[in-house]
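# Coordinate analysis (summary)
Take a look at the letters that make up each chain.
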Amino acid sequence: MNILYCDKDLELFNEFEKMYGSSNNLYFLENIKDAIVVLIQKKIDVLIIELNFPIDACYYLVNYSKKNYPNLKIAIVSACSDEMVLEIIASDLAVKNFFKKPIDENMLQRIL
């Protein structure tokens, strides 16, 4: 499975890689603009976006991905302590999968 993980925190990606890297192809990006290039070049199965990017960039990436890759599984993660804010954003984007950091080893199974 090809997983694209967009986050500014390489340390958290390293934790994600420890949990899922042995059985998946992981791509880490610290820039949302580059995510569209990867989506075009690779067949990505799961897109994980951290909300620490400007919110309009997150909205653009999610909407672009849904329009052009309807079978792509999308998840939003955030360190936001207010879960209601995370739920509102996920609902607004029509994304069913949203998680508070830190992520756990069951996250990927819940996305799929």
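Figured I'd write up the structure that's included with this text. Please read all numbers here as calculations on a predicted model, not as lab measurements. (Residues numbered from 1 in each chain as written. Predicted model: local features only at pLDDT ≥ 70, side-chain atom pairs only at ≥ 80, totals over all residues. Heavy atoms only, no water.)

### Topic: the overall build of the protein
Defined as follows: Strands are runs of DSSP state E lasting at least two residues, helices are runs of H or I lasting at least four, and both sets are numbered from the N terminus onward. Here the radius of gyration uses the C-alpha set of atoms, whereas the globule reference equals 2.2 Å times the residue count to the power 0.38. Any residue under 20% of the maximum accessible area for its type is buried, any over 50% is exposed, and the rest in between are partly exposed; the area is computed with a 1.4 Å probe on protein chains only. Any two residues whose heavy atoms approach within 4.5 Å are treated as being in contact. For the accessible areas, the method is Shrake-Rupley and the probe is 1.4 Å, while residue cover comes only from the protein chains on display.
Within the protein one finds five helices and five strands. The secondary structure elements of the protein, listed N-terminal to C-terminal, are β-α-β-α-β-α-β-α-β-α. Its C-alpha atoms give the protein a radius of gyration of 13 Å, within 12% of the compact-globule value 13 Å for 112 residues. With the C-alpha coordinates aligned to their principal axes, the bounding extent of the protein is approximately 35 × 30 × 25 Å. Counting only residues that meet the buried cut, the protein has 44% of its 112 residues in that class. Here the analysis covers contacts within the protein between residues at least 6 apart in sequence; of these, 59% occur between residues at least 24 apart. Looking at the protein as shown, the accessible area adds up to about 6,300 Å², and 51% of this sits on carbon and sulfur atoms.

### Some thoughts on the packing of aromatic side chains
Just so we agree on the cut-off: Two aromatic rings, drawn from Phe, Tyr or Trp (for Trp, its six-membered ring), form a pair once their centres lie within 6.5 Å of each other, and the interplanar angle then sorts them: stacked below 30 degrees, edge-to-face above 60, tilted otherwise.
What the rule picks out here adds up to seven aromatic pairs. Seen in terms of ring centroids, phenylalanine 13 and phenylalanine 28 are 4.6 Å apart; in terms of plane orientation they differ by 35°. Their pairing is tilted. A residue pair is termed long-range when its members are at least 10 positions apart, and phenylalanine 13 in helix H1 (residues 10-20) and phenylalanine 28 in strand S2 (residues 25-29) qualify at 15 residues. A relative accessible area of 6% means that phenylalanine 13 is categorised as buried.

### Here's the deal with the pairing of strand S3 (residues 46-50)
Put simply, the rule reads: Only strands that DSSP links by at least two bridges are regarded as paired with each other.
Along S3, five of the five residues are buried, which leaves the element largely enclosed by surrounding structure. With burial as the criterion, each face of S3 is covered, one bearing Val46, Ile48 and Glu50 and the other bearing Leu47 and Ile49. Sheet analysis places S3 next to strand S4 (residues 73-78), joined by five bridges and oriented parallel. Each residue of the ladder has a partner; that of leucine 47, found in S4, is isoleucine 74.

### Some points on helix H4 (residues 83-92)
In plain terms, the rule: In this description, the arc belongs to the directions extending from the helix axis to the C-beta atoms.
Taken together, the buried positions of H4 are Leu86, Ile89 and Ala90. All buried residues of H4 lie within an arc of 100° about the axis, which places them on one face of the element. Pointing more than 90 degrees away from the buried face of H4 are the exposed residues Met84, Ile88, Ser91 and Asp92. Of the residues flanking the end of H4, it is alanine 94, one or two places downstream, whose phi is positive at about 60°.

### Topic: the environment of proline 70
Within the fold, proline 70 resides in the loop between helix H3 (55-68) and S4. Taking the C-alpha atoms as reference points, proline 70 and valine 38, separated by 32 residues in sequence, lie 16 Å from one another.

### A short note on the pattern of salt bridges
For clarity, the cut-off: Criterion for a salt bridge: a side-chain nitrogen of Lys or Arg within 4 Å of a carboxyl oxygen of Asp or Glu.
If you walk through the whole model with that rule in mind, you get two salt bridges. The partner of lysine 43 in a salt bridge is aspartate 45, with the nearest N and O atoms 2.8 Å apart. On the basis of relative accessible area, lysine 43 is assigned to the exposed category, the value being 61%.

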